[in-house]
Amino acid sequence: MKQKKDSHIIDLSVPVDPSAWEPEPVKRKVIGHREGGDLLGRSLMYVSGTSLFSKVKEWVKHKTGFGMDHRDFPDGKGLSLMSYTLTTHTGTHLDSPFHFSDVDAQGNPMKTVSEIPLEWCFGDGVLLDLSGEPSEDPVTQEEVRAKLSEIGHTLAPFDIVLINTGGDRFMGKPEYFSRFRGITRDATAFMVEQGVKIIGVDSFGFDPPFGKMVTAYMTTKDKDCLWPAHMYGRRHEYCHIERLANLDNLPAATGFKVACFPVNLKDADAAWCRVVAILQHESKR
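Residues numbered from 1 in each chain as written. Predicted model: local features only at pLDDT ≥ 70, side-chain atom pairs only at ≥ 80, totals over all residues. Heavy atoms only, no water.

Glancing now at the nonpolar core. When a protein is soluble and globular, its nonpolar side chains tend to lie buried together. With 24 residues, the main nonpolar core has Val161, Ile163, Met191 and Ile199 as its most contacted residues. Mapped by element, the contributors of at least two residues to this core are β5 (122–129), α5 (141–151), β6 (160–164), α7 (185–192), β7 (198–201) and α9 (228–232). Ranked by the residues each element gives to this core, the list is headed by α7, at five residues. Apart from the residues within four sequence positions on either side, valine 161 is in contact with Val126, Leu128, Leu155, Met191, Val196, Ile198, Ile199 and Gly200. Residues Leu127, Leu162, Leu250 and Leu279 belong to the second largest nonpolar core, which totals 22 residues. (Core = buried A, V, L, I, M, F, W, Y, C linked by side-chain atoms within 4.5 Å. Buried < 20%, exposed > 50% of the residue type's maximum accessible area, 1.4 Å probe, protein only. Helix = DSSP H or I, 4+ residues; strand = E, 2+ residues; numbered from the N terminus. Contact = heavy atoms within 4.5 Å.)

Below you can see the structure in the form of structure tokens.
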């Protein structure tokens, strides 16, 4: 009897939702099917020919009602079109090294999204479930080490580490921006120094909340209080994913693949990412 490997895909991403609360609101413009049919008809003036006469002829036909419009399509409906206005850090997204700085500590250019090796974006997943921890402080290196020991895993180069802190429980609400743990610089350094290139977290940001960092800085004037894990990326190259979801749906800490390919935005500091976990198991057929 042959054995077949079955795959099961778990979506670890959040939708880009114009109706959800965001520090930078998402705007959406919708061109419906009827208007889309008219728009396609108007486009004939750009494809009918290269001469000015051809373009003017199609423009006149359109204006006088003799050109193509939505009525020429089945059911009077053409094709829809939508435009979204949002930042590169909206929704589930991957931060490239360029987000941390334009050059590294040695003065070398940092990788933008379009320069990230695709090999980094598909690999063995490792789930560190710290969602039951009562602390509101950022995740420490000691916690990471203890959880790895508990699950019996040693980090390997190009493992993709996903950290569940419970930070997605306020998703879509203002609290999502201010109530999460974040990851310490030391914890980040430990994982990156094992060869990890991508670390993902289920919270709004990778470092502690903005308010906490700024308050600490204003009290101490210590610049190391400001985005410490991000700043570590200036010295040791890595990427991180912010705003993951559904990490509770992963059935085990290891034994799955992660795909996290960002949209190929040229020269971008970050890009939206449909992150999925791919579970595999053998079943008899």
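Resuming the write-up.
Let us now look at the pattern of salt bridges. Overall, the coordinates contain seven salt bridges when judged by the stated rule. When the shortest N-O distance is used, the salt bridge between aspartate 124 and lysine 257 registers 2.7 Å. Within this pair, whereas aspartate 124 is found in strand β5, its partner lysine 257 is found in strand β9 (residues 256–259), the two being separated by 133 residues in sequence. One salt bridge connects lysine 147 with glutamate 150, and the closest N-O pair in it is separated by 3.3 Å. Of this pair, lysine 147 and glutamate 150 both sit in helix α5, three residues apart, which is roughly one turn of the helix. (Salt bridge = Lys/Arg side-chain N within 4 Å of Asp/Glu carboxyl O.)

Within the secondary structure, glutamine 141 is located in helix α5. Separated by 2.8 Å, the side chains of glutamine 141 and arginine 145 make a polar contact. When near neighbours in sequence (up to four residues on either side) are disregarded, glutamine 141 contacts Thr184, Asp186, Ala187 and Phe190. (Polar contact = N/O pair within 3.5 Å; in protein donor to acceptor, adjacent residues only side chain to side chain.)

Below, the discussion takes up the packing of α5 against α7. Axis separation between α5 and α7 bottoms out at 7 Å; the angle between their running directions is 45°. Considering the angle they form, α5 stands oblique to α7. Of the residues in α7, those in contact with Gln141, Val144, Arg145 and Leu148 of α5 are Asp186, Ala187, Phe190 and Met191. Here the contact of α5 with α7 is built from residues that sort into five nonpolar, one polar and two charged. (Axes fitted to C-alpha atoms, helices over the stretch in contact; angles between N-to-C directions. Parallel < 35°, antiparallel > 145°, perpendicular 65-115°, else oblique. Nonpolar A, V, L, I, M, F, W, Y, C, P; charged D, E, K, R; others polar.)

This part takes up the pairing of β5. Looking down a regular strand, the side chains alternate between one sheet face and the other. As defined by bridge partners, β5 adjoins β9 across four bridges and the pair is classed as antiparallel. Bridge assignment links aspartate 124 to a residue of β9, and that residue is lysine 257. In this fold, the crossover linking β5 to β6 by way of α5 has right-handed handedness. (Pairing = 2+ DSSP bridges. Right-handed = clockwise from strand over helix to strand, strands pointing away.)

Tracing the backbone shows glutamate 143 in helix α5. A distance of 3.0 Å separates a polar atom in the side chain of glutamate 143 from the backbone nitrogen of threonine 140. What glutamate 143 contacts, discounting residues up to four positions off in sequence, is Leu130, Glu133, Pro138 and Arg181.

Here we take up a nonpolar patch on the surface. Together, Val16, Val30, Met82 and Tyr84 make up an exposed nonpolar region whose accessible area comes to about 330 Å². Tracing the chain through its elements places methionine 82 in strand β3 (residues 81–85). (Patch = residues over 30% accessible without salt bridge, like charges linked within 9 Å, V, L, I, M, F, W, Y side chains within 5 Å. Areas by Shrake-Rupley, 256 points an atom, 1.4 Å probe, with all protein chains shown as cover.)

Next up on the list: the state of the cysteines. Note: disulfide means a covalent bond formed between the sulfur atoms of two cysteine side chains. Going through the model one piece at a time under the given rule, you end up with zero disulfides. For cysteine 239, which is in no disulfide, the shortest distance to another cysteine sulfur is to cysteine 121 and amounts to 6.8 Å. On the basis of relative accessible area, cysteine 239 is assigned to the buried category, the value being 0%. (Disulfide = S-S within 2.5 Å.)

Residue position: isoleucine 31 is located in strand β2 (residues 27–31). On the basis of relative accessibility, which here comes to 13%, the residue isoleucine 31 falls in the buried class. Separated by 50 residues in the primary sequence, isoleucine 31 and leucine 81 have C-alpha atoms spaced 5.0 Å apart. Leaving out residues up to four positions away in the same chain, isoleucine 31 has contacts with Gly36, Leu39, Ser80 and Leu81.

Scanning the entire structure with this criterion turns up seven aromatic pairs. Both rings, one in tyrosine 176 and one in phenylalanine 204, keep their centres 5.9 Å apart while their planes meet at 90°; by these two values the pair is edge-to-face. Taken together, the residues span a long stretch of sequence, with tyrosine 176 in helix α6 (residues 175–178) and phenylalanine 204 in the loop between β7 and α8 (210–220) at a distance of 28 residues. Grouping aromatic residues by their ring pairs yields a cluster made of Trp21, Tyr176, Phe177 and Phe204. (Phe/Tyr/Trp six-rings, centres within 6.5 Å; stacked < 30°, edge-to-face > 60°.)

In this fold, leucine 81 is placed in strand β3. The exposure class of leucine 81 is partly exposed, given its relative accessible area of 45%. Dropping the residues within four chain positions of it, leucine 81 is found in contact with Lys29, Val30, Ile31 and Leu39.

So, about unusual backbone geometry. If a residue is not glycine, its phi is most likely negative; likewise, a peptide bond is most likely trans. Even without glycine at this site, phenylalanine 158 takes up a positive phi of about 75°. You will see that asparagine 246, though not glycine, has its phi angle at about 65°, which is positive. Mapped onto the elements, asparagine 246 comes out in the loop between β8 (239–242) and β9.

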